[in-house]
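Commentary on secondary and tertiary structure
Okay, here's what each chain looks like letter by letter:
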Amino acid sequence: MSSDDTRVWSGMQTIAEREAPILAPYAMHSVDSKGREHDEQEHRYRGPYQRDRDRVLHSTAYRRLSYKTQVFTGEMGDYHRTRLTHTMEVASIARTIGRALRLNEDLVEALALLHDIGHPPYGHAGEDTLDECLSDAGGFSHNEFAMSLVRHLEVRFHEFPGLNLTQEVLESQQYRIDKSSPAAAPLLETQVVDAADSITYDAHDTDDAVALRLVPLDELLQNQLISEADRRVRRSSSALDAEARRRAIVHEMINWQVSDALRESVKSLQAAAPADAQDARKCGISIGPGSELAEMKRELESFLFERVYRHHDVIRVRGVAQQQLREMYAGFVDRSDLLPQKFQDRAESVGLPRAVGEYLAGMTDRFCGQQFERYFTVPSTGGFSAGGQLLE
Ligand code: MG
């Protein structure tokens, strides 16, 4: 290193110096990180959670979220959220909450970008189908698959498999896999992302459902949360057309929920005054809505479940996707030689059913449809029949 270089780097603040005046004592400070699964040298000017965020952002699985279903598939239009835009909205809302609470924003962002990368094609329809296909091999969950992606399947470094994320990010993902038996409560940064996820999908599923004309706004207004948001909107602006009213209600839903989560969290943080991030885990601090808003959210979510997620247009697409995935699973198990070499190798360590499930889970909706067309529906190119047999 030249003497010029030495002067430049030694004149810069360390990550710990940069975080100390900004973060609250109960935030997860980078300097207290337990490190990575495989030892690596620290970066000169990027903190460990910044690097985690960047590793997720540059991963193949993250990019594929752009062609994965959140709730509504591509054939239903191009207004609604994809899994990627949902993730970006979650990250934005989570950063707002994290910054206001003086938590580690880099860690919050890393967790937010990671939180849905394990989703298979076709949203929950895809997940349910893979779980059914793998029922004799331990089932399938998108949270477990996210862990497999970041620890084993992503190819980024030649020294070790996966993304080699910090222990804090892996522990957070472990918590998502089994919330019922965590060794300790999750870090506050993990809770922020969970709260932001719920705020985000309640707001954007309402927006998408009305914009796609699956449910009229008048019917949604029967829910207390929506009618209260509408009342707040009308206090400041009275003469709005239908579209402007929908947008204003969705904006108010987010603003109200974020403010409520902050108010509740600050109250509980002030009362407990945790000394550090580990102390905060033992204090029973919960970041999320107050009881009144939590009840309204439950009412809205059961409405969305019945009237939107089970809408006949959504159910019809769901049925087609499930049948397609079932046939592809059976077909690739039968003809494992058609799997990419990476998954043939993977079958050696996790068994063929899991390897096929992982191959399918990693696909975008678009690629999954293309593979189905290629192997299952075009006899002249040598595909499978509907029963999973190779067509000659
Ligand atoms: Mg999500």
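Heads up: these notes are all about the structure in this document. (Residues numbered from 1 in each chain as written. Predicted model: local features only at pLDDT ≥ 70, side-chain atom pairs only at ≥ 80, totals over all residues. Heavy atoms only, no water.)

1. Here we look at a nonpolar patch on the surface
Under the convention used in this document: Patch membership is restricted to residues that have no salt bridge and whose relative accessible area is over 30%. Joining uses 9 Å for like charges and 5 Å for the nonpolar side chains Val, Leu, Ile, Met, Phe, Trp and Tyr. Exposure was quantified through the Shrake-Rupley algorithm and a 1.4 Å probe, taking into account, for residues, occlusion by the shown protein chains and nothing else. A pairing counts as a salt bridge when a side-chain nitrogen of Lys or Arg comes within 4 Å of a carboxyl oxygen of Asp or Glu. Helix numbers and strand numbers start at the N terminus; a helix is a DSSP run of H or I with at least 4 residues, a strand a run of E with at least 2. Buried residues are those whose accessible area, probed at 1.4 Å on protein chains only, stays under 20% of the maximum for their type, while exposed residues exceed 50% and partly exposed ones sit between those limits.
Taken together, V8, M12 and Y45 make up a surface patch of nonpolar side chains, about 260 Å² in accessible area. Within the fold, M12 resides in the loop between α1 (3-11) and α2 (15-19). When its relative accessible area of 34% is taken as the criterion, M12 is described as partly exposed.

2. Things to note about the coordination of the magnesium ion
Basically, it comes down to this: Only nitrogen, oxygen and sulfur atoms qualify as donors, provided they sit within 2.8 Å of the metal or within 3.2 Å for Na, K and Ca; with water excluded from the atoms, sites may seem incomplete.
Donor atoms from the polypeptide that coordinate the magnesium ion comprise H86 (NE2), H115 (NE2), D116 (OD) and D197 (OD), at 2.2 to 2.5 Å from the metal. Read from N- to C-terminus, the donor residues coordinating the magnesium ion fall into the pattern H-x28-H-D-x80-D. One end of the pair, D116, is in the loop between α6 (105-114) and α7 (123-133); the other, D197, is in helix α10 (residues 188-211), and 81 residues separate them in sequence. Taken as a pair, D116 and D197 share a single burial class, namely buried.

3. Section: α7
Condition: Residue contacts are counted whenever heavy atoms from the two residues lie within 4.5 Å of one another.
Within the sequence span of α7, burial applies to G123, A125, G126, E127, T129, L130 and C133. The inward-facing, buried residues of α7 contact α5 (83-100), α8 (142-153), α16 (312-334) and α18 (352-361).

4. Remarks on empty space enclosed by the protein
Note the following rule: Residues are called lining when one of their atoms sits within 4 Å of a cavity or pocket point, these points coming from a 1 Å grid over the protein atoms alone, where a cavity is a set in which a 1.4 Å probe fits but cannot get out and a pocket is an open set with protein on both sides within 12 Å along at least five of seven lines. Grid points are joined across faces, edges and corners, and a volume is the space filled by probe spheres set on the points. Amino acids outside the nonpolar list (Ala, Val, Leu, Ile, Met, Phe, Trp, Tyr, Cys, Pro) and the charged list (Asp, Glu, Lys, Arg) are all regarded as polar, and Gly is one of them.
Considering all chains together, one arrives at two cavities of 30 Å³ or more under this definition. Size it by volume and the largest cavity reaches roughly 50 Å³. Lining the largest cavity are L111, L114, H115, V169, S172, Q173, R176, T190 and V193. Those elements that provide at least two residues to the lining of the largest cavity are α6, α9 (167-177) and α10. A class-by-class count of the residues in the lining of the largest cavity yields four nonpolar, four polar and one charged. Taken as a whole, the second largest cavity holds about 30 Å³ of empty space. The wall of the second largest cavity is formed by E37, H38, V150, R151, P161, N164, L165 and L170. Split into classes, the residues belonging to the lining of the second largest cavity amount to four nonpolar, two polar and two charged.

By themselves these figures say nothing about function.
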